[in-house]
Amino acid sequence: MRRRILLLLLFVAIILPTSFILSQYLKVGFLLGSPYAFWSGNTFKGIEYDIWKAVSQEIGYQLEVYVLPFSVIAPEILTKLSMDVVVGGIHMTEERKKLYDFGTPYMDSGLAIVTRSDIKWDGKPESITFGVKKGATGETIVQQWNQSGKKVKYVSYVSNEEIITNLLIKKIDGAFFDYINALYLAKMYGLTVQEQLIYTTKIGYISLNKELKSQIDKAIQKLLKENKIRQVLVSYVGNY
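Read on for a plain summary of the structure. Note that this is a predicted model, so its numbers are computed, not measured.

So, about the side chain of serine 56. Following the sequence through the fold, serine 56 ends up in helix 3 (residues 47-58). Owing to a relative accessible area of 2%, serine 56 belongs among the buried residues under this scheme. With residues near it in sequence (within four places) discarded, serine 56 still touches Leu26, Tyr61, Gln62 and Leu63.

Structure, rendered in structure tokens:
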């Protein structure tokens, strides 16, 4: 009887895929926000989702999705998360590099100014009205402009969604957005992205699992070399 059981187990091991028997999951926390990671109806999608689906396949893991608010990237919260990585268009600023263990960067971005397409902006901050998100970098930049003697008009909003709405209904003329997000908004709503960026930066992932970091970095480097990450970006934002 014992021999029959052993033979049966051996048969099952042969006919079932290895991934079914030894399922391993890459636990990825996605910071919610288009075009990086967002809901479209009942479907979760986005640039980061597509990239990390490819990364998980490269290392032979199954992707396990966790949807998170941006506030979780506070260091005291991150340490309590039982995940492997956290992603979502995270700018690898010098300040953040001191706080987090970043892996290989895989996108170039920065901070861009977006304006309505029906206005011709001369590049002077005083000549248009900006919409800024409370507490965000854009608000700080406008305040610095005013402290330097410029008279820049601006309105503060709670969310990016409010800013976009007020751009479309022409209550404001311009706003500050992550560069990749700006390209996406331009494609979606016909807005204009100014060529000169306020600053440039790399986008990468925050590693919470040191044992997997090397494998993940190798997978990202392979996807970059094969131009697959750029293909994902272009599918969402057009020319990049």
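From this point, things continue past the structure.
For the rest of this paragraph, the subject is the environment of leucine 26. Here leucine 26 is to be found in strand 1 (residues 25-31). Given a relative accessible area of 0%, leucine 26 falls into the buried group. Linking leucine 26 and valine 158, residues 132 residues apart in sequence, is a C-alpha distance of 33 Å. Residues in contact with leucine 26, not counting those within four places in the same chain, are Trp52, Val55, Ser56, Ile59, Tyr61, Gln62, Leu63, Glu64, Asp84, Leu212 and Ile216.

This part covers the packing of aromatic side chains. This model, assessed by the stated rule, comprises 12 aromatic pairs. Ring geometry for phenylalanine 30 and tyrosine 49: centres 6.2 Å apart, planes at 50 degrees, overall tilted. Placement of phenylalanine 30 in strand 1 and of tyrosine 49 in helix 3 is noted, with a sequence separation of 19 residues between them. According to the relative accessible area criterion, tyrosine 49 is buried, its value standing at 19%. Taken together, a centroid distance of 6.0 Å and an interplanar angle of 45 degrees make the contact between tryptophan 145 and phenylalanine 176 tilted. Taken together, the residues span a long stretch of sequence, with tryptophan 145 in helix 6 (residues 137-147) and phenylalanine 176 in strand 9 (residues 174-178) at a distance of 31 residues. You can call phenylalanine 176 buried: its relative accessible area is 8%. Three or more aromatic residues joined by ring pairs form one cluster here, namely Phe30, Trp39, Phe44 and Tyr49.

What follows concerns helix 9 (residues 210-225). With 16 residues, helix 9 ought to run about 22 Å at 1.5 Å a step, and its terminal C-alpha atoms sit 23 Å apart, in line with that. Of the residues making up helix 9, those classed as buried are Leu212, Lys213, Ile216, Asp217, Ala219, Ile220 and Leu223. Of the surrounding elements, those touching the buried residues of helix 9 are strand 1, helix 3, strand 5 (85-91), strand 11 (199-207) and helix 10 (228-237). Phi turns positive, to about 70 degrees, at asparagine 227, one or two residues after helix 9.

Right, let's talk about the pairing of strand 9 for a bit. In terms of burial, strand 9 is largely enclosed, as 5 of its 5 residues are buried. Pairing analysis gives 5 bridges linking strand 6 (residues 107-115) to strand 9, with the strands arranged antiparallel. Paired with alanine 112 across the two strands is phenylalanine 177, which belongs to strand 9. Taken together, the 2 bridges between strand 7 (residues 129-133) and strand 9 define a ladder with parallel strand orientation. In the strand pairing of strand 9, phenylalanine 130 is matched with glycine 174.

On to the pairing of strand 7. In terms of burial, strand 7 is largely enclosed, as 4 of its 5 residues are buried. Examined bridge by bridge, strand 7 and strand 8 (residues 153-157) share 5 bridges and lie parallel to one another. If you follow lysine 133 over to strand 8, its bridge partner there is tyrosine 157. In this fold, the crossover linking strand 7 to strand 8 by way of helix 6 has right-handed handedness.

About the criteria used
Residues numbered from 1 in each chain as written. Predicted model: local features only at pLDDT ≥ 70, side-chain atom pairs only at ≥ 80, totals over all residues. Heavy atoms only, no water. Helix = DSSP H or I, 4+ residues; strand = E, 2+ residues; numbered from the N terminus. Buried < 20%, exposed > 50% of the residue type's maximum accessible area, 1.4 Å probe, protein only. Contact = heavy atoms within 4.5 Å. Phe/Tyr/Trp six-rings, centres within 6.5 Å; stacked < 30°, edge-to-face > 60°. Expected span 1.5 Å × (residues − 1). Pairing = 2+ DSSP bridges. Right-handed = clockwise from strand over helix to strand, strands pointing away.

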